[in-house]
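Examination of the molecular architecture
Here are the chains, one letter per residue:
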Amino acid sequence: MITNDIRYVGVNDHQVDLFEGQYVVPNGMAYNSYVILDDKVAVMDTVDQHFTQQWLDNIQAVLGDRQPDYLVVQHMEPDHSANIVEFLKRYPEACVVGNVKTFTMMGQFFPDAPKMQQMAVKDGATLSLGKHVLHFVFAPMVHWPEVMVTYDETDKVLFSADGFGKFGALDVADEWDCEARRYYIGIVGKYGMQVQKLLKIAATLDISIICPLHGPVLKENLGHYIEKYDIWSSYRPEDSGVMIAYASIYGHTKAAAEALAKELEARGQKVVLADLAREDMAECVEDAFRYDRLVLASVTYNGDIFPCMHAFLHALTERSYQNRTVAFMENGTWAPAAARIMAAALEKSKNLTFAQEKVTIKSAMNDETRASIRRLAEELTK
């Protein structure tokens, strides 16, 4: 029970190995759906296709013999919309509520769907269920163009679509910040400007509860969650620290990265060291956005940089990486070029400060490169 009139009817997924085909989710996922009980009954979103019967049973357990009047579709991504047709088979008299873009996508996903009652709402439209009045707020590109969120003015509940979501099923206890950060940066991170616009609208609402489509219902300390979203969506560093991301073949670049980490730690700096070839890429991207300084260390490979470093840099620039200090370490036996190539990959990024000291390793570390590493540690500590 969320409130006296709002009930949870979502499901936990421990079958999924990769969310959206790329994000490792060791603690599973939650697909959230809610029922608002009033003179009229509204169901908020559906769930993933693998949980049709469980979801429908959850709804029936809440409603009994009552029939839902509305299915509100806030987001058409299949983990939330897959059961629209199945819902209508069970409840054919229900009216589906969405916007014009919602129904366009619905026709694309379900070309053979039966005729349905549709209510296409506009931005700012309201829907009265009795004592509960729902306000629809469009949130385009957070993170699809049709997304909208819904505010229930009676219970002061924001149904936030994918906003304020996190990885992890609800029957597993884990820290919100870490998995919400990885979720946000990986999935929504490109659209910081749009999230900022939505936060400005949310600031005008009296919100007591946030009901996202993934992760736990948020009822306490809402300022903490909103502050995190403001930091993440404005691309500000969250913590002071240095992330060192390295791509090494025979271990010499790794050794240099580890040497820099020791120098920085000796100077009292928080350091996160990441082997891009072996660690979860989403975790690495998360840390690059979390901390205020980033060191990129790569071998020169086929006149370019190592493939995992390519992937890492693409993940950063795709998500509008900015407002950080960046330093380079390169390795090459005959023609080191990695630093130049990594810098070029970041040339369109905003508000980056590049360290003056560049560490160049020719095959393996020597006294000269160790001295360069110490100078870089000093520069990054200032």
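Structural notes, computed from the coordinates. The shown structure was predicted, so the numbers you read here are calculated from the model rather than taken from an experiment.

About the thresholds
- Residues numbered from 1 in each chain as written.
- Predicted model: local features only at pLDDT ≥ 70, side-chain atom pairs only at ≥ 80, totals over all residues.
- Heavy atoms only, no water.
- Helix = DSSP H or I, 4+ residues; strand = E, 2+ residues; numbered from the N terminus.
- Buried < 20%, exposed > 50% of the residue type's maximum accessible area, 1.4 Å probe, protein only.
- Contact = heavy atoms within 4.5 Å.
- Lys, Arg positive; Asp, Glu negative; His and termini not counted.
- Charge placed at Lys NZ, Arg CZ, Asp CG, Glu CD.
- Core = buried A, V, L, I, M, F, W, Y, C linked by side-chain atoms within 4.5 Å.
- Pairing = 2+ DSSP bridges.
- Axes fitted to C-alpha atoms, helices over the stretch in contact; angles between N-to-C directions.
- Arc of directions from axis to C-beta.
- Salt bridge = Lys/Arg side-chain N within 4 Å of Asp/Glu carboxyl O.
- Expected span 1.5 Å × (residues − 1).
- Disulfide = S-S within 2.5 Å.

Here we take up the overall build of the chain. The secondary structure content of the chain amounts to 12 helices and 22 strands. Taken over the C-alpha atoms alone, the chain extends approximately 80 × 40 × 35 Å along its principal axes. For the chain, buried positions account for 55% of its 382 residues. For the chain, the proportion of contacts with a sequence separation of at least 24, taken over those separated by at least 6, is 70%. Charge-centre separation for the chain: the mean point of 37 positive side chains lies 6 Å from the mean point of 52 negative side chains.

Here we come to the nonpolar core. When a protein is soluble and globular, its nonpolar side chains tend to lie buried together. In terms of nonpolar packing, the biggest core is built from 97 residues, with L296 and F312 touching the most fellow members. Looking at this core element by element, the count peaks at seven residues for helix α5 (residues 176–188). Here L296 is in contact with A245, M309, F312, L313, V326, A327, F328, M329, M342 and L346, once residues within four sequence places are set aside.

Within the open sheet, the five strands sit side by side as β11-β12-β13-β14-β15. Their pairing is mixed. Of all the strands in the sheet, just β11 (126–128) and β15 (209–211) have a single pairing partner and so form its edges. Across this sheet, the average inter-strand angle for adjacent strands is 20 degrees, counted without regard to direction. The pairing of strand β14 (residues 157–159) with β15 spans three bridges and is classified as parallel. Within β15, the position partnered with L158 by the bridge is I210.

Here we take up helix α4 (residues 100–109). Along α4, the residues that are buried comprise T102, F103, M105 and M106. Buried residues of α4, viewed axially, fall in a sector of 160 degrees; they line one side. Residues V100 and Q108 are exposed on α4 and point more than 90 degrees away from its buried face. Buried residues along α4 sit in contact with α3 (84–90), β9 (95–98) and β10 (117–120).

Attention now moves to the pattern of salt bridges. The full count for this structure, using the stated rule, is 21 salt bridges. One salt bridge in this structure joins E263 and R267, with 2.7 Å as the shortest N-O distance. E263 sits in the partly exposed class, given a relative accessible area of 22%. For R267, a relative accessible area of 25% corresponds to the partly exposed category. With a shortest N-O distance of 2.8 Å, E378 and R267 are connected by a salt bridge. Placement of E378 in helix α12 (residues 367–381) and of R267 in the loop between α8 (252–266) and β17 (271–275) is noted, with a sequence separation of 111 residues between them.

Okay, helix α7 (residues 222–233) next. With 12 residues, α7 extends 17 Å from end C-alpha to end C-alpha; this agrees with the ideal 16 Å at 1.5 Å per step. Buried residues of α7: L222, Y225, K228, Y229, I231, W232 and S233, and no others. Those residues of α7 hidden inside the fold are in contact with α5, α6 (192–202) and β15. Following α7 by one or two positions, Y235 adopts a phi angle in the positive range, close to 60 degrees.

If you walk across this open sheet you meet the six strands as β1-β6-β7-β8-β9-β10, and the pairing is mixed. Where the open sheet ends on each side, the last strands, each with one partner, are β1 (6–8) and β10. Going from strand to strand, the sheet's axes swing by 25 degrees on average, the running direction of each strand aside. Judged from the three bridges that link them, strand β6 (residues 34–36) and strand β7 (residues 42–44) form a sheet pairing that is antiparallel.

Moving on to the pairing of strand β18 (residues 291–301). Strand residues, when the strand is regular, have side chains that alternate between the two faces of the sheet. In terms of burial, β18 is a largely internal element, eight of the 11 residues being buried. Looking at chain direction, strand β16 (residues 239–247) and β18 are connected through seven bridges and run parallel. From the neighbouring strand, A245 faces β18, where its bridge partner is L296. Of the pairings in the sheet, the one linking β18 to strand β20 (residues 324–331) comprises seven bridges and is parallel in character. Each residue of the ladder has a partner; that of S298, found in β20, is E330. Both β18 and strand β19 (residues 304–305) contribute to a ladder of two bridges, which runs antiparallel. Across the sheet, residue Y301 finds its bridge partner in β19, namely D304. Hairpin connection of β18 to β19: two residues between the antiparallel strands, including N302 at a positive phi of 55 degrees.

Attention now moves to the state of the cysteines. Applying the stated criterion to the full structure yields zero disulfides. C308 supplies the cysteine sulfur nearest to C284, a cysteine that is in no disulfide, at a spacing of 9.0 Å. Among the residues examined, C284 registers a relative accessible area of 2% and is labelled buried.

That's the geometry; what it means functionally is another story.
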